[in-house]
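# A structural walkthrough
If you want the building blocks of each chain, they are given just below.
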Amino acid sequence: MKGEIDDLSCFSHLSKATKVQEAFKEASCEIREQLLRQGAIVLKGIAPSRDARIFEGIMNSLNFDLRDYVGGSSPRSTVKGKVMEATRTPADWSIILHQEMAYVKKLPEVIAFVCVEPAENGGNSTIGDMRQINNLTKESSLNLLQKRGLKLRRTLPSEERVKLKPGVKKSWQETFSTSSRLEAELICKARGWEYEWNSKDLVLWQDTIDPMRKHPITGASIWCNQAHFWGATAMIEWAKLDNRKGDIQELTKAQKENSNLLEAMCFGDGEPLPDELSFELFHMVRGLESDVHLNSGDILLLDNFQFSHGRRAFSGNRKNNVIIANWGK
Ligand SMILES: [Fe+2]
């Protein structure tokens, strides 16, 4: 395990406040300033925040504009209001560092996790300072990506075919919270996403994005995409890290025989990234991982442009809730 981040701010005094949300309102300027400056902070021991309504109230007290997760790729469901379970990705999977929904143009600007129940073994959150990537990317790779842009091709199988898909299994019905093809199409159109039906599967072309984005407040140019995350090469590397032998076999087979069911990270013109580039980017981002151990009632607050997040594999129960948001006023 890598060293824990030691410069995260603690606000443990807030747990002593009888009215937690008012206490957060009072501290909101300080917390927002620290979040913007550091990119990541931990609010320690806020036991009431395990209650979804109070967690949502805290985020509102911090003046964030809370968002929904329609179109997101992770298997998760809503707990209450804008509070979602962090993920239903199986326990023996780690989660590779990523900025939430960084495959669309209007990604969330802020993400907050609350630890409701820590894992018995493993399950640390991981975070990575994406500002460092500017010094790590090969100039030739960055130039290539900036010239051609990035576009994620997602295959969302129908419910009856979702089990055939290697890796993360999420149907279009679950992704769009509907069983109506028409409604799914309307959501795609409303968000400006290109789509096509491949038999019963929905093939979704996400936005064409620049690999570097402007931070919504500071204007700094930051690596903000998921080029390292998708595609068979990255998925196989990920499965190897977790020692998921079945997944490695399933993915390798699908890569050769049924690649239509797999996601592909493509250049802006739809051509998939070469395997070597996916491999290079996967390991570059992975090198940024740092562990953050969250105890019950701890909140991890991240600037979704400046910091990526992930998770170690674990055993036993583990429950984290999440809220995505924009900075708001
Ligand atoms: Fe995430």
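Notes on the structure follow. Small disclaimer: the values here were computed from a predicted structure and weren't measured.

Attention now goes to the overall build of the protein. The secondary structure content of the protein amounts to 9 helices and 19 strands. Relative to the globule expectation of 20 Å for 329 residues, the C-alpha radius of gyration of the protein, 19 Å, shows essentially globular dimensions. Here the C-alpha coordinates of the protein stretch approximately 60 × 45 × 40 Å along the principal axes. Burial analysis of the protein (329 residues in total) assigns 57% to the buried set. Sequence separation of at least 24 residues holds for 79% of the intrachain contacts in the protein that already meet a minimum separation of 6. With an accessible surface of roughly 14,400 Å², the protein has 48% of that area assigned to carbon and sulfur atoms. The average position of the 45 basic charges and that of the 44 acidic charges among the side chains of the protein differ by 2 Å.

In this section: the packing of aromatic side chains. Within a pair of aromatic rings, the relevant descriptors are the distance that separates the centres and the angle that separates the planes. Within the structure shown, the criterion is met by 7 aromatic pairs. Aromatic pair Tyr103 and Trp230: ring centres 6.1 Å apart, planes at 85°, arrangement edge-to-face. In this pair, Tyr103 is assigned in the loop between strand E5 (95-98) and strand E6 (110-117) and Trp230 in the loop between strand E13 (221-223) and helix H7 (232-242), connecting sequence segments 127 residues apart. On the basis of relative accessibility, which here comes to 3%, the residue Tyr103 falls in the buried class. A centroid spacing of 6.4 Å and a plane angle of 50° characterise the contact between Phe176 and Trp193, whose relative ring orientation is tilted. Highlighted residues: Phe176 in the loop between helix H5 (172-175) and helix H6 (181-190) and Trp193 in the loop between H6 and strand E10 (194-198), separated in sequence by 17 residues. Each member of the pair, Phe176 as well as Trp193, is classed as buried. The cationic tip of Arg244 hangs over the ring face of Trp93; the distance from NZ or CZ to the ring centre is 3.6 Å.

Turning next to H6. Those residues of H6 lying buried are Ala184, Glu185, Ile187 and Cys188. Take H6 and look down its axis: the buried residues cluster within an arc of 160°, on one side only. Opposite its buried face, H6 presents the exposed residues Leu182, Lys189 and Ala190, each directed more than 90 degrees away. In this structure, the buried residues of H6 make contact with H5, E10 and strand E11 (201-209). For H6, the N-terminal capping position is held by Ser180, with its side-chain oxygen 3.3 Å away from the main-chain nitrogen of Leu182. Just beyond H6, the residue with positive phi is Gly192, at close to 75°.

Put simply, H7 and helix H8 (residues 245-257) touch, their axes get as near as 9 Å, and they point 165° apart. Compared by their axis directions, H7 and H8 come out roughly antiparallel. Here H7 and H8 pass one another in a crossing that is left-handed. Here Ala232, Thr233, Met235, Ile236, Ala239 and Lys240 of H7 lie close against H8, whose contacting residues are Asp247, Ile248, Leu251, Thr252 and Gln255. Its residues assigned to classes, the contact of H7 with H8 shows 6 nonpolar, 3 polar and 2 charged.

Cut-offs used in this document
- Residues numbered from 1 in each chain as written.
- Predicted model: local features only at pLDDT ≥ 70, side-chain atom pairs only at ≥ 80, totals over all residues.
- Heavy atoms only, no water.
- Helix = DSSP H or I, 4+ residues; strand = E, 2+ residues; numbered from the N terminus.
- Rg over C-alpha atoms; globule rule 2.2 N^0.38 Å.
- Buried < 20%, exposed > 50% of the residue type's maximum accessible area, 1.4 Å probe, protein only.
- Contact = heavy atoms within 4.5 Å.
- Areas by Shrake-Rupley, 256 points an atom, 1.4 Å probe, with all protein chains shown as cover.
- Lys, Arg positive; Asp, Glu negative; His and termini not counted.
- Charge placed at Lys NZ, Arg CZ, Asp CG, Glu CD.
- Phe/Tyr/Trp six-rings, centres within 6.5 Å; stacked < 30°, edge-to-face > 60°.
- Lys NZ or Arg CZ within 6 Å of the ring centre and 35° of its normal.
- Arc of directions from axis to C-beta.
- Polar contact = N/O pair within 3.5 Å; in protein donor to acceptor, adjacent residues only side chain to side chain.
- Axes fitted to C-alpha atoms, helices over the stretch in contact; angles between N-to-C directions.
- Parallel < 35°, antiparallel > 145°, perpendicular 65-115°, else oblique.
- Left-handed = near helix turned anticlockwise from the far one by under 90°.
- Nonpolar A, V, L, I, M, F, W, Y, C, P; charged D, E, K, R; others polar.

The analysis is restricted to geometry; functional conclusions fall outside its scope.
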